[in-house]
Amino acid sequence: MRDAAPQTIYLKDYTPFGYLIDSVALTFKLHPTQTRVLSKIAFRPNPDAPDRRFFLHGEDLNLISAKIDGKDVTTRDVDGGLEADAPDAPFVWEAEVEISPSTNTALEGLYMSNGMYCTQCEAEGFRKITYYPDRPDVMAPFHVRIEGQDPILLSNGNPGAKGDGFAEWSDPWKKPAYLFALVAGDLINHPGQFTTQSGKEIELNIWVRPGDEHKCAFGMQALKDSMKWDEDVYGREYDLDIFNIVAVDDFNMGAMENKGLNIFNSSAVLASPETSTDANFERIEAIIAHEYFHNWTGNRITCRDWFQLCLKEGLTVYRDHQFTADMRSGDVARIENVLALRARQFPEDQGPLSHPVRPEEFQEINNFYTATVYEKGAEVIGMLKTLVGDDAYAKALDLYFDRHDGDAATIEDWLKVFEDFTGRDLSQFKLWYSQSGTPKLSVTEDWDASTGTFTLTFTQSTAPTPGQDQKDPKVIPVAIGLLNPNGDEVQATDVFEMTQASQSYQVTGLAVRPIPSILRGFSAPVVLDHDIDNDRRAFLFAHDTDSFNRWEAGRDLARDSLLAMIRDGAEPNALYLDSLQRVIQDPSLEPAYKAYLLGQPGDSELARALSEMGETPDPDAIHAASKAFRKAKAQALAAHLPALYEAHLVKGPFLPDADGAGKRALANAALSLLTKLDAGSAAQTQFDRADNMTEQLAALGQLIETGTGEAALAAFYDQWQADRLVIDKWFALQVALATPDQAAGVTRKLTEHADFDMKNPNRFRATLGALAGNHAGFHHKSGAGYALLTDWLIQLDDLNPQTTARMCSAFQTWRAYDEDRQELIKTQLERILAKKDLSRDTSEMITRILG
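For the structure given in this document, a descriptive report is provided here.

If you tally the helices and strands in the protein, you get 27 helices and 31 strands. For the protein, the C-alpha radius of gyration of 27 Å lies close to 29 Å, the compact-globule estimate for 851 residues. Taken along its principal axes, the extent of the C-alpha atoms in the protein is 85 × 65 × 60 Å. The burial tally for the protein puts 59% of its 851 residues in the buried class. The long-range share in the protein, meaning contacts at least 24 apart out of those at least 6 apart in sequence, stands at 70%.

Glancing now at the state of the cysteines. Using the criterion set out here, one finds zero disulfides in the structure. Cysteine 118 takes part in no disulfide bond, and the closest cysteine sulfur, belonging to cysteine 121, lies 10 Å away. According to the relative accessible area criterion, cysteine 118 is buried, its value standing at 0%. Unpaired in this structure, cysteine 303 has its nearest cysteine sulfur neighbour in cysteine 310, at a distance of 7.8 Å.

What follows deals with the environment of methionine 112. Among the secondary structure elements, methionine 112 is positioned in strand S10 (residues 109-113). Spatially, the C-alpha atoms of methionine 112 and aspartate 250 are 8.4 Å apart, while their sequence positions differ by 138 residues. Beyond its immediate chain neighbours, meaning those up to four positions away, methionine 112 contacts Pro32, Pro101, Ser102 and Tyr117.

Within the largest apolar cluster, 262 residues are counted, with the highest numbers of intra-cluster contacts made by Trp93, Trp414, Phe429 and Phe458. Setting aside residues no more than four positions away along its own chain, phenylalanine 429 makes contact with Val380, Met383, Leu384, Leu387, Leu415 and Val475.

Turning to the sheet that holds strand S2 (residues 19-29), a few remarks are in order. Taken together, eight strands build an open sheet; the order of strands is S6-S5-S9-S3-S2-S12-S15-S14 and the sheet is mixed. With partners counted over all chains shown, the strands left at the sheet margins are strand S6 (71-72) and strand S14 (158-163), one partner each. Across six bridges, strand S5 (residues 62-68) lies against strand S9 (residues 91-99) in antiparallel orientation. Its bridge partner being in S9, serine 65 is matched across the sheet by glutamate 96.

All right, on to the sheet that holds strand S7 (residues 75-78) then. Ordered in space as S4-S8-S7, the three strands form an open sheet in which the pairing is antiparallel. Two strands in the sheet have a free side with no partner beyond their single neighbour: strand S4 (55-57) and S7. Here the strands of the sheet are splayed against their neighbours by 30° on average, with no regard to which way each runs. Here S7 pairs with strand S8 (residues 81-84) via four bridges, running antiparallel. Its bridge partner being in S8, valine 78 is matched across the sheet by glycine 81.

Another point: the environment of alanine 25. Considering the arrangement of structural elements, one finds alanine 25 in strand S2. Classification of alanine 25 by relative accessible area gives partly exposed; the value is 29%. For alanine 25, the residues in contact, after removing those within four places along its chain, are Leu38, Ser39, Lys40 and His143.

Scanning all chains against the criterion turns up 62 salt bridges. Residue glutamate 147 is joined to arginine 145 by a salt bridge in which the shortest nitrogen-to-oxygen separation is 2.7 Å. Under the relative-accessibility criterion, glutamate 147 is labelled partly exposed at 23%. As a salt-bridge pair, arginine 664 and aspartate 278 come within 2.7 Å of each other at their nearest N and O atoms. Remark: aspartate 278 occurs in helix H2 (residues 278-293) and arginine 664 occurs in helix H16 (residues 658-678); sequence separation between them is 386 residues. The residues arginine 664 and aspartate 278 share a single accessibility class, namely buried.

Our next topic: the pairing of strand S16 (residues 182-185). Here S16 shows two buried faces, one formed by Leu182 and Ala184 and the other by Val183 and Gly185. Pairing of strand S11 (residues 116-120) with S16 involves two bridges; the strand directions are antiparallel. Bridge assignment links tyrosine 117 to a residue of S16, and that residue is alanine 184.

With that out of the way, let us pick up H16. Here H16 contains 21 residues, and its C-alpha end-to-end distance of 29 Å stays within 8% of the 30 Å for a straight helix at 1.5 Å per residue. One or two residues past the end of H16 sits alanine 679, with phi positive at roughly 60°.

The subject of this paragraph is a negative patch on the surface. A contiguous patch of negative charge on the surface is contributed by Glu819, Asp820, Glu823 and Glu830. In this structure, glutamate 830 sits in helix H26 (residues 819-833).

Overall, the coordinates contain 47 aromatic pairs when judged by the stated rule. Above the ring of phenylalanine 166, the side-chain terminus of arginine 145 is found at 4.3 Å from the ring centroid. In this structure, arginine 300 packs its charged tip against the face of tryptophan 173, placed 3.8 Å from the ring centre.

Bringing unusual backbone geometry into the picture now. The omega torsion of the bond from glutamate 122 to alanine 123 falls at 5°, within 30 degrees of zero and hence cis. Structurally, alanine 123 can be placed in the loop between S11 and strand S12 (140-147). Residues other than glycine seldom take positive phi values, yet leucine 107 does so here, at roughly 60°. Note that leucine 107 resides in the loop between S9 and S10. A relative accessible area of 4% places leucine 107 in the buried class.

To continue, consider the side chain of arginine 559. Examined against the element boundaries, arginine 559 turns out to sit in helix H10 (residues 547-568). With relative accessibility at 16%, the residue arginine 559 sits in the buried group. Of the polar contacts made by the side chain of arginine 559, one reaches the side chain of glutamate 605; its length is 2.6 Å. Contact partners of arginine 559, with chain neighbours within four places excluded, come to Pro601, Glu605, Leu606 and Ala609.

It is at 7 Å that the axes of helix H3 (residues 309-327) and helix H5 (residues 371-388) come closest, and there the two elements cross at 70°. The angle between the axes of H3 and H5 places the two elements in the roughly perpendicular class. Contacts between H3 and H5 pair Leu309, Cys310, Glu313, Gly314, Leu315, Val317, Tyr318, His321 and Gln322 from the former with Val373, Tyr374, Gly377, Ala378, Ile381, Gly382 and Lys385 from the latter.

This paragraph deals with the packing of H5 against helix H6 (residues 390-404). The N-to-C vectors of H5 and H6 enclose an angle of 120°; their axes lie 6 Å apart at closest approach. Viewed along their axes, H5 and H6 form a crossing whose handedness is right-handed. Residues Ile381, Lys385 and Val388 of H5 pack against Asp390, Ala392 and Tyr393 of H6. Taken together, the residues of the contact of H5 with H6 sort by class into four nonpolar, no polar and two charged.

This part takes up the side chain of histidine 290. Counting through the fold element by element, histidine 290 comes out in helix H2. A distance of 2.8 Å separates a polar atom in the side chain of histidine 290 from a polar atom in the side chain of aspartate 320. Residue contacts for histidine 290: discarding those within four places in its chain leaves Glu313, Thr316, Val317, Asp320 and Tyr374.

Okay, the environment of asparagine 534 next. Looking at where asparagine 534 falls in the secondary structure, it is placed in helix H9 (residues 534-543). Using a relative accessible area of 15% as the deciding quantity, one classes asparagine 534 as buried. Measuring from C-alpha to C-alpha, the distance between asparagine 534 and alanine 553 comes to 9.1 Å, with 19 residues separating the pair along the chain. The residues touching asparagine 534, leaving out its near neighbours within four places in the chain, are Leu557, Asp560, Asn573 and Leu575.

A few words on helix H24 (residues 784-797). Here H24 contains 14 residues, and its C-alpha end-to-end distance of 20 Å stays within 8% of the 20 Å for a straight helix at 1.5 Å per residue. By the criterion of burial, H24 is predominantly enclosed, with 10 of the 14 residues buried. Among the residues of H24, those classed as buried are Gly785, Tyr786, Leu788, Leu789, Thr790, Trp792, Leu793, Ile794, Leu796 and Asp797. Here the buried face of H24 lies against helix H21 (743-751), helix H22 (761-773), helix H23 (775-778), helix H25 (801-807), H26 and helix H27 (840-850).

Each value, and the rule that gives it
- Residues numbered from 1 in each chain as written.
- Predicted model: local features only at pLDDT ≥ 70, side-chain atom pairs only at ≥ 80, totals over all residues.
- Heavy atoms only, no water.
- Helix = DSSP H or I, 4+ residues; strand = E, 2+ residues; numbered from the N terminus.
- Rg over C-alpha atoms; globule rule 2.2 N^0.38 Å.
- Buried < 20%, exposed > 50% of the residue type's maximum accessible area, 1.4 Å probe, protein only.
- Contact = heavy atoms within 4.5 Å.
- Disulfide = S-S within 2.5 Å.
- Core = buried A, V, L, I, M, F, W, Y, C linked by side-chain atoms within 4.5 Å.
- Pairing = 2+ DSSP bridges.
- Axes fitted to C-alpha atoms, helices over the stretch in contact; angles between N-to-C directions.
- Salt bridge = Lys/Arg side-chain N within 4 Å of Asp/Glu carboxyl O.
- Expected span 1.5 Å × (residues − 1).
- Patch = residues over 30% accessible without salt bridge, like charges linked within 9 Å, V, L, I, M, F, W, Y side chains within 5 Å.
- Areas by Shrake-Rupley, 256 points an atom, 1.4 Å probe, with all protein chains shown as cover.
- Lys, Arg positive; Asp, Glu negative; His and termini not counted.
- Charge placed at Lys NZ, Arg CZ, Asp CG, Glu CD.
- Phe/Tyr/Trp six-rings, centres within 6.5 Å; stacked < 30°, edge-to-face > 60°.
- Lys NZ or Arg CZ within 6 Å of the ring centre and 35° of its normal.
- Polar contact = N/O pair within 3.5 Å; in protein donor to acceptor, adjacent residues only side chain to side chain.
- Parallel < 35°, antiparallel > 145°, perpendicular 65-115°, else oblique.
- Left-handed = near helix turned anticlockwise from the far one by under 90°.
- Nonpolar A, V, L, I, M, F, W, Y, C, P; charged D, E, K, R; others polar.

Here you go:
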């Protein structure tokens, strides 16, 4: 375990490594507890480096031997690795180390998962494999030889010689060590083939454990679709002879883009109609695309240092968002992306874990694989595209690939490409990378009937965040449309580029006062403060020609009603319920979009809204209001729900496409409301006849909510107990839907179940992560939820610091609640911080949360 004593690393202190690498040769002699790794690395002095200290990172390595130019060399152990005296000329470093994959429970470096050898090297896992300058700006071609008894031996690049007990792989493209990968095990491949736009044939494989072969077809098609899309939209062709994906059960992340050998969490690649929901299929499609797209935005062009993480992740997330929008519904995809941003990134940006898209300091880089870097980073790319236009964006990307192919680049390199191509000065836009916090965009209206002039005055402000008390105005693209009182569009979407703290947008020559539709398509990641009444919201809900803003108007109506119910015990807003009845009958709206219209703000979102208004959220009151609101919606729509449900039940074979998924989403949304009226009768019928996981799991959830799900839960477990990914769902659903008084108890009971395995990140997140997501249950006034999560985080930290640290974010909003809950949470945070030998990962997170 790494020393928990924090050492802060600063962006301003970057210096290049003292040596360049011409080639890397690695030999692995695999053994569960005594794997030998032999390295042979050709170094030469870096003329651009001011420091020629020969330092190699290394952790948990048993050094057997070390040589320079064939002669034994004396090494010195230093913090984080070793040093040696090296010549000021080209030389060859050779080392042999011993490592123990089977006892590596941190799942970083080389470890074992159900008897399979696999690796995870991003961000700093390669230093647990051998001594090496483990930093992203040190790039080299790798040749790998694997010796072992497993039938399948895989690494990066193209296959070379192989025989009984060995296989060799060569990757001709320079890469940093974090992109190294190795897999060895008893695996079966689902094969495929792709022909590139230049006519090159690429061998494709998805490698799985025996028994999972039938869950690969969708993932293979998603890979082919991704390869074709990247050629068509970005002009990027694949550059090796083979592309391998491996499914691994024990994995801290969703997947990893290692060059030519992507390693995936099983949950992010394995799918079948019987075991996977439509949401699983869509997630798998997006993650496969994301990792494939990294081949160019992350691998061919990587990051100079880890402060530039958003360069590869923000851009690649934006690209996978574009892909999903093209493959499915663009309108629905945008809603999904914004919901995820607001649920994960907005709380992060407004709390103690707030940091810029490009941080300027960190102690543990694993803690900065965050929604800010990924999701907000993607929004920044989207704003840049909006500002320069589609054509300029595409041509600037071509220039970026041409100019920086093979480089370890920076945000400055990225923006310079756009400045050079468009002639724009992006120095102010760069504030999106350096300033943390979510801007608040306030707007007022003015109408001059005598001249037909309509004016919108915008004011932007960003609250102080940790380490940043003062904020400068950002460039904010505000997409605006205007409607007349009949609902017709009198001005199509126009992008207003805001650059000042306060600025006005004006339209003249209008016959009547228009109704503005502001921030269309969610054109910037800001909080819009527009003081309008519910009649205006209902008008936009009925008439807005921008699909996102139409949905947003309905959600704002629902939120306003829910907040009144929470504060004052008010009745559900009749205007919203009447509006929803009319909108839901609109035949022009696609089913998936209607399913989102039937939704409502979640409990955590309502708590955040109250906190932003300076009020203290009451989790019990929020839960009660949400429950009552759902019941009121069901009663208001009672006449329409049976027909809506029946009309969208999909007959025939299950297809995981956008059309079928949209219909099932709407049917299940209708079922959720029907259950409030029939006590679960329709849900029981659906559960009994379901032949796919989307319908079965939705029905099971409704039965649990009615309190009649015990028999269905037992039947579900009996049916699926041999499928680890389905049983993750079984764990998660029970905790997520437990009543506030029962949530901690249900979770505790499940942690005692024979199938609970704290070493498996998927199972741990399914259980304890679901508890953190059960707002009223986690924040129960007894503090039982806080204590239970803390108990398990303390245990897990010794085994898997990375997963532990990320789970600590459940406590990040603690200061929003009442004093009693704050004291309960603070006690648990201090318990974690007081743990002996607390990992550096978790120590940094808890320290930041405590402030």
